[in-house]
Amino acid sequence: GQAMDRAIACVIMHGLGQGSGIDRALTGEHRLPPPALLSAPEVTLKVHVSDSSTHQPLDKVFIEIFTNQTSFASGYSETDGIAFITFHYTLGAQLFIVATKSSYVPNSSPWLATKLPLFSSVSLLLHPERIATLMVYDDVVQIVSGFQGTLIQPRIQFQRRSLNLPKNLSYRSLIAFLTVAVTPWEVGGFPYLQGIDVNRTGNSSRFELTPVTAVSVHLLNSDGTEIQVNGPICVTIPLPANSRLKHDDALPAWKFDKKIGAWLKSGLGIIQKEGDYFTWTYFAPQLGYWIAAMSPQSPGK
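Everything numeric in this text was worked out from a predicted model, so none of it was measured.

Colleague: Could you clarify how one ought to interpret the sheet that holds strand β4 (residues 82-88) in this entry?
Modeller: Pairing between sheet strands relies on hydrogen bonds along the backbone, with the strands arranged either parallel or antiparallel. Pairing is mixed across the open sheet formed by four strands, whose spatial order is β4-β1-β8-β6. What marks the edges here is a single partner per strand, and that holds for β4 and β6 (104-105).

Colleague: So what exactly am I meant to see when it comes to the sheet that holds strand β7 (residues 107-111) here?
Modeller: Taken together, the four strands give an open sheet; going across it, the order is β3-β2-β5-β7, and neighbouring strands pair in antiparallel fashion. The open sheet terminates on both sides in strands that have one partner only, identified here as β3 (70-76) and β7. Across this sheet, the average inter-strand angle for adjacent strands is 20°, counted without regard to direction. Direction of pairing for strand β5 (residues 95-100) relative to β7: antiparallel, over a ladder of five bridges. Note on β7: the bridge partner recorded for A99 is N107.

Colleague: What am I meant to see in the pattern of salt bridges here?
Modeller: Oppositely charged side chains can pair when the atoms bearing their charge come close. This structure, assessed with the given rule, holds five salt bridges. Taking the shortest distance from any N to any O, the salt bridge between D197 and K265 comes out at 3.9 Å. Placement of the pair is D197 in strand β13 (residues 194-198) and K265 in strand β18 (residues 262-274), with a sequence separation of 68 residues. Taking the relative accessible area as the measure of exposure, D197 reaches 22% and is therefore partly exposed. Here D249 and K246 are joined by a salt bridge, their closest N and O atoms 3.9 Å apart.

Colleague: Is there a simple way to think about the nonpolar core in this case?
Modeller: One recurring pattern in soluble globular proteins: nonpolar side chains tend to sit buried together. I143, I156, F158, L219 and W280 are the most contacted members of the largest nonpolar core, which has 31 residues in total. Of all elements in the fold, only β10 (140-144), β11 (155-159), β12 (175-181), β15 (211-220), β16 (233-238), β17 (250-257), β19 (277-284) and β20 (288-293) reach the threshold of two or more residues within this core. The contact partners of L219, leaving out residues within four places of it in the chain, are L134, I143, F158, L163, L174, I175, A176, T225, E226, I227 and L287. Listed in part, the 24 residues of the second largest apolar core include I65, L95, A113 and V122.

Colleague: What's the story with the pairing of β16 in this structure? I'm lost.
Modeller: Remember that side chains alternate between the two faces of the sheet whenever the strand is regular. Most of β16 sits inside the fold, with six of its six residues counted as buried. Pairing of β11 with β16, which is carried by three bridges, proceeds in the antiparallel orientation. By the bridge assignment, I156 is partnered in β16 with V235. Where β16 and β19 come together, six bridges link them in antiparallel fashion. Bridge pairing in β19 links I233 to A284.

Colleague: Can you walk me through a nonpolar patch on the surface in this structure?
Modeller: On the surface, a nonpolar cluster with roughly 460 Å² of combined accessible area is contributed by F84, L118 and F119. As for its placement among the helices and strands, F119 is situated in the loop between β7 and β8 (120-128). According to the relative accessible area criterion, F119 is exposed, its value standing at 55%.

Colleague: Mind showing me how you'd approach the packing of aromatic side chains here?
Modeller: To describe a pair of aromatic rings, you give the distance between the ring centres and the angle between the ring planes. Enumeration over the complete set of coordinates arrives at 10 aromatic pairs. Look at W280 and Y282: their rings are 5.6 Å apart centre to centre, the planes differ by 10°, and that puts the pair in the stacked class. For the pair W280 and Y282, a shared accessibility class is recorded, and that class is buried. Counting every residue linked through ring pairs, the aromatic cluster contains F72, F87, Y89 and W111.

Colleague: How should the pairing of β5 be read in this particular structure?
Modeller: Most of β5 is tucked away: six of the six residues are buried. The pairing of strand β2 (residues 62-67) with β5 spans five bridges and is antiparallel. Residue pairing for β5: I63 is matched across the bridge by A99.

Colleague: Would you explain the environment of V144 in this entry?
Modeller: Note on placement: V144 falls in strand β10. Residue V144 is classed as buried on the basis of its relative accessible area, which comes to 17%. Not counting the four nearest positions on each side in its chain, V144 is found in contact with A132, T133, Q153, P154, R155 and L178.

Colleague: What am I meant to see in unusual backbone geometry here?
Modeller: Backbone geometry at Q69 places phi at a positive 60°, although glycine is not the residue there. For Q69, the location among the structural elements is in the loop between β2 and β3. Residue classification places Q69 among the buried positions, given a relative accessible area of 12%. Phi at D248 is positive, roughly 75°, even though this residue is not glycine. Within the secondary structure, D248 is located in the loop between β16 and β17. Residue D248 is classed as exposed on the basis of its relative accessible area, which comes to 54%.

Definitions and limits used
Within each chain, residues carry numbers counting from 1 in the order of the written sequence. The predicted origin of the model limits local features to residues at a pLDDT of at least 70 and limits the giving and counting of side-chain atom pairs to 80 or more, whereas totals for whole chains, interfaces and linings rest on all residues. Water and hydrogen atoms play no part in the side-chain values, which are based on all heavy atoms of the structure. By definition, two strands form a pair when at least two bridges between them are found by DSSP. Where helices and strands are cited, they refer to DSSP runs of H or I of at least four residues and of E of at least two residues respectively, numbered from the N terminus. Working convention: axes come from line fits to C-alpha atoms, limited for helices to the stretch in contact. Angles between N-to-C directions cover 0 to 180 degrees. Salt bridges are identified by distance alone: a Lys or Arg side-chain nitrogen within 4 Å of an Asp or Glu carboxyl oxygen. Only protein chains enter the area calculation, which uses a 1.4 Å probe; residues under 20% of their type maximum are buried, those over 50% are exposed, and those in between are partly exposed. Residue types Ala, Val, Leu, Ile, Met, Phe, Trp, Tyr and Cys, when buried and joined through side-chain atoms within 4.5 Å, form a set referred to as a nonpolar core. It only takes one pair of heavy atoms within 4.5 Å for two residues to be counted as in contact. Only residues whose relative accessible area exceeds 30% and that take part in no salt bridge are eligible for patches, with like-charged residues grouped when within 9 Å of each other and nonpolar side chains (Val, Leu, Ile, Met, Phe, Trp, Tyr) grouped when within 5 Å. Residue exposure ignores everything except the shown protein chains as possible cover, and the areas themselves are Shrake-Rupley values with a 1.4 Å probe. Planes of paired rings set the category: under 30 degrees apart is stacked, over 60 is edge-to-face and the rest tilted, where pairs are Phe, Tyr or Trp rings (Trp by its six-membered ring) whose centres lie within 6.5 Å.

Note that all results are geometric; they support no functional claim without further evidence.
Put into C-alpha cells, the structure is as follows:
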C-alpha cells in the first residue's frame, strides 16, 4: 500500500539528508565575548514576551543575546512577560535576541544600533507547540499531525530502537509535539531566518533564508523533559501548492541550533509527488527545529 511505498522511499533516500558535521564545527567550543565588548558602554534592553494565540504575557521565558553566534548575556521574563537585560554593546554590532520556553516554538529578533539608545524595547510572540498523535509500533515510531487544506499529513517516523527511554519511563508518559509552518505568518513564528553555512575549510557564510516550510518536532516526558532520539528520523512535510518545486528536486535542510542562535545548513531533503501534492522528505539526525530553504546565491551581511 501507500504506507509501505513511503516507508521504502524513506529507506532508499536514507543518506541524502545526513548532517554535514557543521554543527560540530561551530558548537564544539563555547567562546567568551570579544574583549572589545567588555570595554563598550552598557545598554539595558527591555524584552516583552507573550503567547501568540492568547496575547497573554509569558513568564520564565529564557532570553539570550547573541553576537557572532556566541551567547554573551541572558535572563528570564517575570510574570508580566518582561525581562530587563543589561550588557556591553559595541555600536553597529548585529545582535540576535532569542526567546525559548518549553512547549513553545522559539522565536528571535535582530537588534542593531548605530547610536547609543537611552532606552530600547523588543517584543516577541511565541507560538504554542501543537500536540500530535504518537503511534508506537513493534518496529517503528510515528508522530502524525492533522493539517488543514490537504489530504497529506505531516509525519515523522523513526526506528523504535532509536528511542532512548529511561528505564523508569513507559510509553504512556510520552507526549509528542509536531508544529508545521507554511504561510509567511506561520514561518514568522520561528526564529529569525539567518542561515549559517560552513565550508570544508571551516569558513562560515551568513545568509538570509526564504523557507518553503518550517517544522518543530519534539517528544517529551510528562514532566516536560525532552526525550532524545538517535536518527535517522524520516521527516515528511506537505508543501504549499505555490512552491514551484518539481519531483526529485533537492531542497536543503537548515537546523536551528540554540547554542549559536542561528540556522545551520544540515544536508538535503528531496521533493516527492504524492497524488496531487508535493512533499519534502528529509532524514534528520535528531528531533528539533528544521526549515526547508534553498541556499541563497550571495551571502548576507
